[in-house]
Structure formats: C-alpha cells, structure tokens
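Examination of the molecular architecture
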Amino acid sequence: MKLFLFSILIISSLLGSNVEKLETQILSSIAHSLVHKKSVNICIKDKKFKNIKKYAQNIKLVSCAKADIVFTSKDSDMKRKCKTSLIFSTSYYLYKHSPMMVGAFFWQKGRPNIIFREKQLKHLNIKLPKNFEKYIE
C-alpha cells in the first residue's frame, strides 16, 4: 500500500512539473509575440502561476510598475497601477468582461486556451506572428 501511494505521489509531481513548464513556455511565447525584446519583463498577478520562476527563460519577473506585460486574473484597476497597456487575462471571465484585456490564456477541460482581442491589438498597433493569428477573435 505504501509503495502504491509513493508511486502516485511521484507520478503526480512529475505531471505537475510538466504542466508548469508548459504554462511557462506559453506565457513566454505570448509575451515575446507582443513585446519584441530578447528579455521581456513580465508581472504575474495570479497565484496559479507562482512556480513559473523555475522554468523562466528570456523573461524576467518584475513588479507591475516595471512590466512590459501583465498577466492577471483580477481586474483590480490595472490601468492605474501599471504603466503598460499590455494586460493579458488568465481568466476567460475577466477577458470577456474587461475590454482593456489584450487577450487571455486559461485552462478549459484540461487544455490550454489562448485568445487575442483583435480590437486591442489594432489599438496598440501590434502585429502578431503567423503562428498566433489563428487565436485572434
């Protein structure tokens, strides 16, 4: 019985780290597609992504005031607190109810989903790479 529980614990920790790694890669790809810099300063205001530091490459986690792009799950007056207008939601609900969001990255039915808001991209004069064009709505 102990061996069985130990096996489950090991497998779940391995799968959890793969999900965190995938999330980090997706956030990094989104950030680099919107901000054309080698190293992008990002601010993450979502507790789900607290372990992103482990896998982060070419992104630097900074405060909201110094960020090139902000990933958030709450609309706590981001426009006033952050200097950037690149605010990306980590919640579909927030994306739908806040027109200032450039896009959203969220999990639904065990799969990652990415959406970009065409109106905001045009307003901010951002052209996405070809591999992200299918996510524009």
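Our subject is the structure listed above.
Residues numbered from 1 in each chain as written. Predicted model: local features only at pLDDT ≥ 70, side-chain atom pairs only at ≥ 80, totals over all residues. Heavy atoms only, no water.

**Concerning the overall build of the chain**
The helix and strand tally for the chain stands at four helices and six strands. Starting at the N terminus, the α and β elements of the chain follow one another as α-β-β-β-α-β-α-β-β-α. With 137 residues in all, the chain has 41% of them scored as buried. In the chain, once contacts between residues fewer than 6 apart in sequence are set aside, the share between residues at least 24 apart is 38%. Carbon and sulfur atoms provide 56% of the accessible area of the chain, an area that totals close to 8,900 Å². (Helix = DSSP H or I, 4+ residues; strand = E, 2+ residues; numbered from the N terminus. Buried < 20%, exposed > 50% of the residue type's maximum accessible area, 1.4 Å probe, protein only. Contact = heavy atoms within 4.5 Å. Areas by Shrake-Rupley, 256 points an atom, 1.4 Å probe, with all protein chains shown as cover.)

**What about the sheet that holds strand S1 (residues 40–45)?**
Read from one edge to the other, the open sheet built from six strands follows the order S2-S1-S3-S4-S5-S6, with strand pairing classed as mixed. Here the strands that pair on one side only, and so sit at the sheet edges, are strand S2 (59–61) and strand S6 (111–116). Between one strand axis and the next, the sheet turns through 25° on average, direction left out of account. (Pairing = 2+ DSSP bridges. Axes fitted to C-alpha atoms, helices over the stretch in contact; angles between N-to-C directions.)

**A look at the environment of Leu94**
As for its position among the elements, Leu94 is in helix H3 (residues 92–97). Residue Leu94 is classed as buried on the basis of its relative accessible area of 8%. Each C-alpha atom of the pair Leu94 and Lys74 lies 6.9 Å from the other, and the pair is 20 residues apart in sequence.

**Thoughts on the pattern of salt bridges**
Taken as a whole and judged by the stated rule, the model has five salt bridges. Ionic pairing is found between Lys37 and Asp68, a salt bridge with its closest N-O pair at 2.9 Å. With Lys37 in the loop between helix H1 (2–34) and S1 and Asp68 in the loop between S2 and strand S3 (69–72), this residue pair connects regions lying 31 residues apart in the sequence. Between Lys127 and Glu133 there is a salt bridge, with its nearest N and O atoms 3.3 Å apart. (Salt bridge = Lys/Arg side-chain N within 4 Å of Asp/Glu carboxyl O.)

**Quick word on the nonpolar core**
Ranked by size, the top nonpolar core spans 24 residues in total, and within it Ile30, Leu34, Ile69, Phe88 and Phe116 carry the most contacts. Of all the secondary structure elements, the ones that give two or more residues to this core are H1, S1, S3 and S6. The element that contributes the greatest number of residues to this core is H1, accounting for five residues. Apart from the residues lying within four places of it in its own chain, the contact partners of Ile69 are Ala31, Leu34, Val35, Val40, Asn41, Ile42, Cys43, Thr84, Leu86 and Phe88. Among the nonpolar cores identified, the runner-up in size contains 14 residues, and Ile87, Leu94, Tyr95 and Phe106 belong to it. (Core = buried A, V, L, I, M, F, W, Y, C linked by side-chain atoms within 4.5 Å.)

**Here we look at the pairing of S1**
Counting buried positions along S1 gives five out of six residues, so the element sits mostly inside the fold. Where S1 and S2 come together, three bridges link them in parallel fashion. Considered in S2, the bridge of Asn41 is made with Lys60. Pairing between S1 and S3: four bridges, direction parallel. Among the inter-strand pairings, Cys43 is bridged to a residue of S3, identified as Val70.

**Things to note about the environment of Gln108**
With respect to the helices and strands, Gln108 occurs in strand S5 (residues 103–108). Taking the C-alpha atoms as reference, Gln108 lies 9.2 Å from Tyr92; in sequence the two are 16 residues apart.

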